[in-house]
Amino acid sequence: ASMIIDNLHTSQCEYGNMDGRLARAFAWLRANDLKAIQPGQVIPIEDHRISAQIQSYLTIRPSEGSFETHRSFIDIQIMVRGAEVMYWTPAANLTKIKTPYNYENDIVFFEEPELSIPFRVADGDFAIFFPSDGHKPKCLISYPAEVGKIVVKVAV
């Protein structure tokens, strides 16, 4: 599978048809008041297979960010407050490793690829990143801004 961009509030698609764990992740997202969840915590949804990281941070310049990929988890990154730019590229374009794979955090960081695609995400917008998707989130739109995001990690 490759990256999906959509909006939780307006989506016409039932992502659960793709995968049972994705279905349970989206059921959790739809069942909770996402804006009301306190940042800085990790909420287990289904033991170690599905969890939600509740994040709050200041967006950064694209040059300050790094492309990343995951091996064991799919990311559903959903904006709950503010807006940011994310970049996408196929993982095959990421050839220069910046930080080797970290098993504990299931992440590897890469140097900037030659080509990537930016897209803007705001309230309710989400991106699903599969292990084949290189991504660089957290980028500012015109100036650094405080945003709220939930990253649901779904085991592949």
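Procedures and definitions
Residues numbered from 1 in each chain as written. Predicted model: local features only at pLDDT ≥ 70, side-chain atom pairs only at ≥ 80, totals over all residues. Heavy atoms only, no water. Phe/Tyr/Trp six-rings, centres within 6.5 Å; stacked < 30°, edge-to-face > 60°. Lys NZ or Arg CZ within 6 Å of the ring centre and 35° of its normal. Helix = DSSP H or I, 4+ residues; strand = E, 2+ residues; numbered from the N terminus. Buried < 20%, exposed > 50% of the residue type's maximum accessible area, 1.4 Å probe, protein only. Polar contact = N/O pair within 3.5 Å; in protein donor to acceptor, adjacent residues only side chain to side chain. Contact = heavy atoms within 4.5 Å. Core = buried A, V, L, I, M, F, W, Y, C linked by side-chain atoms within 4.5 Å. Pairing = 2+ DSSP bridges. Axes fitted to C-alpha atoms, helices over the stretch in contact; angles between N-to-C directions. Salt bridge = Lys/Arg side-chain N within 4 Å of Asp/Glu carboxyl O.

## Some details on the packing of aromatic side chains
Both the distance between ring centres and the angle between the ring planes are used here to describe each pair of aromatic rings.
Okay, so step 1: Within this structure, the stated rule accounts for 2 aromatic pairs.
Okay, so step 2: Aromatic pair Tyr101 and Tyr103: ring centres 4.6 Å apart, planes at 85 degrees, arrangement edge-to-face.
Okay, so step 3: The ring of Tyr101 is capped by Arg71, whose NZ or CZ atom sits 3.7 Å from the centre of that ring.
Okay, so step 4: Here Lys136 stacks its cationic end above the ring of Tyr87, 5.0 Å away from the centre of that ring.

## Structural notes on the side chain of Glu84
Okay, so step 1: Looking at the element boundaries, Glu84 is found in strand S6 (residues 84-90).
Okay, so step 2: The class for Glu84 is buried, based on a relative accessible area of 0%.
Okay, so step 3: A distance of 2.4 Å separates polar atoms of two side chains, one belonging to Glu84 and the other to Tyr57.
Okay, so step 4: Not counting chain neighbours up to four residues away, the residues in contact with Glu84 comprise Tyr57, Thr59, Met79, Phe119, Arg120, Val121, Pro137, Lys138, Cys139, Ile141, Val147 and Lys149.

## Thoughts on the nonpolar core
Okay, so step 1: Counting residues in hydrophobic clusters, the biggest one holds 24 residues, and the most contacted among them are Trp28, Leu29, Leu34, Ile76, Ile128, Ile150 and Val152.
Okay, so step 2: Only helix H1 (20-31), strand S3 (50-58), strand S5 (73-81), strand S10 (125-129) and strand S12 (146-155) provide two or more residues apiece to this core.
Okay, so step 3: Looking at which element gives the most residues to this core, the answer is H1, with 5 residues.
Okay, so step 4: The next biggest cluster of nonpolar side chains, apart from the first, holds 9 residues, and it includes Tyr57, Met86, Trp88 and Val121.

## With respect to the sheet that holds S5
Okay, so step 1: The sheet built from 6 strands is open, its strands ordered S1-S10-S5-S12-S3-S2 with antiparallel pairing. Each edge of the sheet is formed by a strand with only one pairing partner; in this case those strands are strand S1 (4-7) and strand S2 (41-46). Averaged over neighbouring strand pairs, the angle between their axes works out to 20 degrees when direction is ignored.
Okay, so step 2: The sheet contact formed by S5 and S10 spans 4 bridges and is antiparallel. Within the sheet, the bridge partner assigned to Ile78 lies in S10 and is Phe126.
Okay, so step 3: Its contacts with the sheet put H1 on S2, S3, S5, S10 and S12, and the angle it makes with S12 is roughly 150 degrees.

## Quick notes on the pattern of salt bridges
Okay, so step 1: Within this structure, the stated rule accounts for 6 salt bridges.
Okay, so step 2: A salt bridge links Lys149 to Glu84, with the shortest nitrogen-to-oxygen separation between them at 3.0 Å. Separated by 65 residues along the polypeptide, Lys149 in strand S12 and Glu84 in strand S6 bring together distant segments of the chain. Of the two residues, Lys149 and Glu84, neither departs from the other in class, the shared state being buried.

## Things to note about the environment of Ser2
Okay, so step 1: As for its placement among the helices and strands, Ser2 is situated in the segment before S1.
Okay, so step 2: For the pair Ser2 and Leu94, spaced 92 residues apart in sequence, the C-alpha to C-alpha distance is 15 Å.
Okay, so step 3: Sequence-distant contacts of Ser2, defined by excluding residues within four places in its chain, comprise Trp88, Phe130 and Asp133.
Okay, so step 4: At a separation of 3.4 Å, a polar atom in the side chain of Ser2 contacts the side chain of Asp133.

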